[in-house]
Amino acid sequence: MSEKLDFLRTVKPFDLLPEEVLAEVAEGLQEVRHPREAIIYYQGVTKLRGIDIIVEGEYETFFYDSQQNKRVIEHSRAGECYGGISVLLNKKRSLRTVRAKKDTRVYFLHRREFRALCKAYEKFFHFFTARYGQRMLNEEYAHFVRPASSAGENYLASDQLFSRRIETLEMRPLDVCAAYTPIHEVARRMAAARTSCYFITNADVGGHIIGYVTDITLRDKVVAGLLDAHQPVETIVDAPVVSISSRAFVYEAILLMFRTKTRYLLVETDGEYVGFLSRNKLLTDDQDQSPFIFIQSVKQAVAVPELKRRWEQVPEMVYQLLNRGVKPEIVNQVITTVSDTIALKLIEGAIAELGPPPAKFVYMVLGSEGRKEQTLLTDQDNAIIYEDKANEHREEVRAYFLKFAEMVSDQLNAIGFSYCEGGFMAKNPKWTHSLSHWKRNYVEWMTDSNPESGMQFAASFDCRYLYGDAEIMDELHEFLAAELQKPRDRFFHYMAVNALQYEPPLTFFRNIRTFAVGSQQVFNLKRTMSPIVDLVRMYALRHRIFATNTGERLEALRAEGVFTERETQELLQSYYYLMGVRLKKQAAQIISDNVAPDNYLDPKTLTKVEQVTLKEIFKVISDFQLKIKVGFTKSLG
């Protein structure tokens, strides 16, 4: 008793208590011993029965991040307490993980007595709250203590959104009229039908739908423009018309609307239009749960700081969608739509500031963005193609687009899409050129192929239209289709060599081969996935398929009989399983660990089932690499 009391007199904040109270506390202390390296408490899990006062030995306290790395390591030694802040401010659960670094002896005080002391003696209580406040000034400590943000919960998609097909929805009937109908008559019909959208055909009966008119059309083009309402409606029609199959999923319809900037979508069954969907109606129906409300908020953002805040919310939305079992390929599409929307906002802003472009052009995206397979560790891959102009205007045109590209790229970087280290960006003069120059580039890459250029320029064949005159992109594709019909054995050989450079990390004994990064043994998820991307790209180009998404390419190759149904499904499942692991890991790094995401994964952080699944995927990739060797390099060596 005397030993405990003497010791307590030296411990803060117990030295603030009256002598008779201190004696009573000492009498109630229990002695507990912990062996060296024993884990005593787990952060956020262990419910504390009270607080520990270290008498001998040492506590190591820290936070585990999602990759089981220790963060904010501190040491508590003789005369220090652990557990006060957790009992008072964290619903009794240990804030941190605690390990005994030596054989450690502590005095244990039950939380009932501890709370009574806090209630009775203000200075005693303030010792713990002040200590907590001081620690919260440490940004990293505060990150791990702060409860996970719930900002993304309003954007969590309902299960129905991703499993329900359009044909199950109540579609709105089509109201149509001929192109020669007077504007005032169309407005009268819209009012009578109580509809905000009327579709316009090129003939009276069974005519082809050429566009549509909305309330906004009438306001902006007729009322604001003081247009004669007796003119035919074809003079104000909005186009193009966008349609989707009734067998498509609801989420696909919404993403298509955002990508094409249309508010109305025609629905077709067996080649016949059966009704249409309104974007506002679809979003309103899922108002409380749809991630697409978030995309809408991105569209409405007006400045770079606001767009940056929106992009910073994406990791939490991704994590929640994956936790709900939403397929990784769908999550990819959501990420891509958000990033596309941000880029389009910046492009339109740059044009508004610089003035109309002096030539037709296309702003295209490349690499993972071009494939619609962006992750949360992303940089810029983009380029500009502009139409060929007469010699006297070439410098003027080029100067405009380089200035335009620099403005867009700098703002993308400020938002969080970092500059490409390899310089594959439109702001780099090498990636902004006329159409004829781009054609020469592609011919050069295909005719003068070598291992280095095969690796360097492969992603350039993942080019996807984002903004501008789509006819320029169509012309490029037609040109490439013609060029790829020529003998291109050397080109495909080196693409194959590129795809074979990375072997799946599977040892002879079917263990996962790793390498050291910091204190962990890891493998690279991105490099593990790249053989699938490279293989599928190569087959797609060989068969002149210009879809850019890996999944879409696979489906097109299956339809042409290049891959069997089984091969297609094996590759799809392997690729998107890895994508899901990669996205979830990166989201956890950003949300939970407050660190920049990477592509490394420690197999020990996975369950046994997940490890077995990975090994099977590595085997699938190895089998398809063998197919490349046979089909393209004519060698098994």
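The text that follows walks through the structure, step by step, so that each part is easy to find. (Residues numbered from 1 in each chain as written. Predicted model: local features only at pLDDT ≥ 70, side-chain atom pairs only at ≥ 80, totals over all residues. Heavy atoms only, no water.)

In this section: the overall build of the chain. Along the backbone of the chain there are 24 helices and 21 strands. The dimensions of the chain, computed from C-alpha atoms along their principal axes, are 100 × 70 × 50 Å. Considering the chain as a whole, with its 637 residues, one finds that 50% of them fall into the buried category. Pairs at least 24 residues apart make up 71% of the contacts formed inside the chain by residues separated by at least 6 positions. Of the roughly 30200 Å² of accessible surface on the chain, a fraction of 50% belongs to carbon and sulfur atoms. For the chain, the distance from the average site of its 82 positive side-chain charges to the average site of its 84 negative ones is 5 Å. (Helix = DSSP H or I, 4+ residues; strand = E, 2+ residues; numbered from the N terminus. Buried < 20%, exposed > 50% of the residue type's maximum accessible area, 1.4 Å probe, protein only. Contact = heavy atoms within 4.5 Å. Areas by Shrake-Rupley, 256 points an atom, 1.4 Å probe, with all protein chains shown as cover. Lys, Arg positive; Asp, Glu negative; His and termini not counted. Charge placed at Lys NZ, Arg CZ, Asp CG, Glu CD.)

Looking now at the packing of aromatic side chains. The full count for this structure, using the stated rule, is 38 aromatic pairs. When the centroid spacing of 5.1 Å and the interplanar angle of 90° are considered together, the rings of Phe114 and Phe128 count as edge-to-face. Placement of the pair is Phe114 in helix 4 (residues 111–120) and Phe128 in helix 5 (residues 122–135), with a sequence separation of 14 residues. An aromatic cluster is built from Phe424, Trp431, Trp438, Tyr442, Trp445, Phe461, Phe491 and Phe492, whose rings are joined through pairwise contacts. Seen from the ring of Phe62, Lys70 lies directly overhead, with NZ or CZ sitting 4.9 Å from the centre. (Phe/Tyr/Trp six-rings, centres within 6.5 Å; stacked < 30°, edge-to-face > 60°. Lys NZ or Arg CZ within 6 Å of the ring centre and 35° of its normal.)

Turning to the pairing of strand 14 (residues 272–278), a few remarks are in order. Here strand 13 (residues 264–269) pairs with strand 14 via six bridges, running antiparallel. Note on strand 14: the bridge partner recorded for Val267 is Gly275. Taking the residues between adjacent antiparallel strands as the criterion, strand 13 and strand 14 are bridged by two residues, where Asp270 takes a positive phi near 50°. (Pairing = 2+ DSSP bridges.)

Remark on secondary structure: sheet strands pair via backbone hydrogen bonds, oriented parallel or antiparallel. Spatially, 2-7-4-5 is the arrangement adopted by the four strands of the open sheet, whose pairing is antiparallel. Looking at the sheet topology across the chains shown, the edges are occupied by strand 2 (39–41) and strand 5 (70–77). Averaged over all pairs of adjacent strands, the angle between their axes in this sheet comes to 30°, without regard to strand direction. (Axes fitted to C-alpha atoms, helices over the stretch in contact; angles between N-to-C directions.)

This part covers the pattern of salt bridges. Oppositely charged side chains may form a pair once their charged atoms are brought near each other. Applying the stated criterion across every chain yields a total of 43 salt bridges. As a salt-bridge pair, Arg9 and Asp6 come within 2.6 Å of each other at their nearest N and O atoms. Among the residues examined, Arg9 registers a relative accessible area of 37% and is labelled partly exposed. Look at Asp6 and you get partly exposed, because its relative accessible area is 41%. A salt bridge links Lys389 to Glu387, with the nearest nitrogen and oxygen atoms 3.8 Å apart. (Salt bridge = Lys/Arg side-chain N within 4 Å of Asp/Glu carboxyl O.)

Along the polypeptide, Ile51 turns up in strand 3 (residues 50–56). Among the residues examined, Ile51 registers a relative accessible area of 0% and is labelled buried.

Looking now at the pairing of strand 20 (residues 520–524). Where burial is concerned, most of strand 20 is hidden: four out of the five residues are buried. Hairpin geometry of strand 19 (residues 515–517) and strand 20 is characterised by an intervening segment of two residues between the two adjacent antiparallel strands and by a positive phi of about 65° at Gly518. Of the pairings in the sheet, the one linking strand 20 to strand 21 (residues 600–601) comprises two bridges and is antiparallel in character. If you follow Phe523 over to strand 21, its bridge partner there is Leu601.

All right, on to the nonpolar core then. Counting 129 residues, the largest nonpolar core has Phe292, Ile342, Tyr363, Met364, Phe404 and Tyr442 as the members making the most contacts within it. Take this core: its biggest share by element is 12 residues, from helix 14 (residues 328–354). Excluding its chain neighbours within four sequence positions, the residues that come into contact with Met364 are Asp381, Asn382, Ala383, Ile385, Trp438, Tyr442, Cys463, Arg464, Leu466 and Met473. Counting 32 residues, the second-largest nonpolar core is a separate cluster that includes Leu8, Leu17, Leu22 and Tyr59. (Core = buried A, V, L, I, M, F, W, Y, C linked by side-chain atoms within 4.5 Å.)

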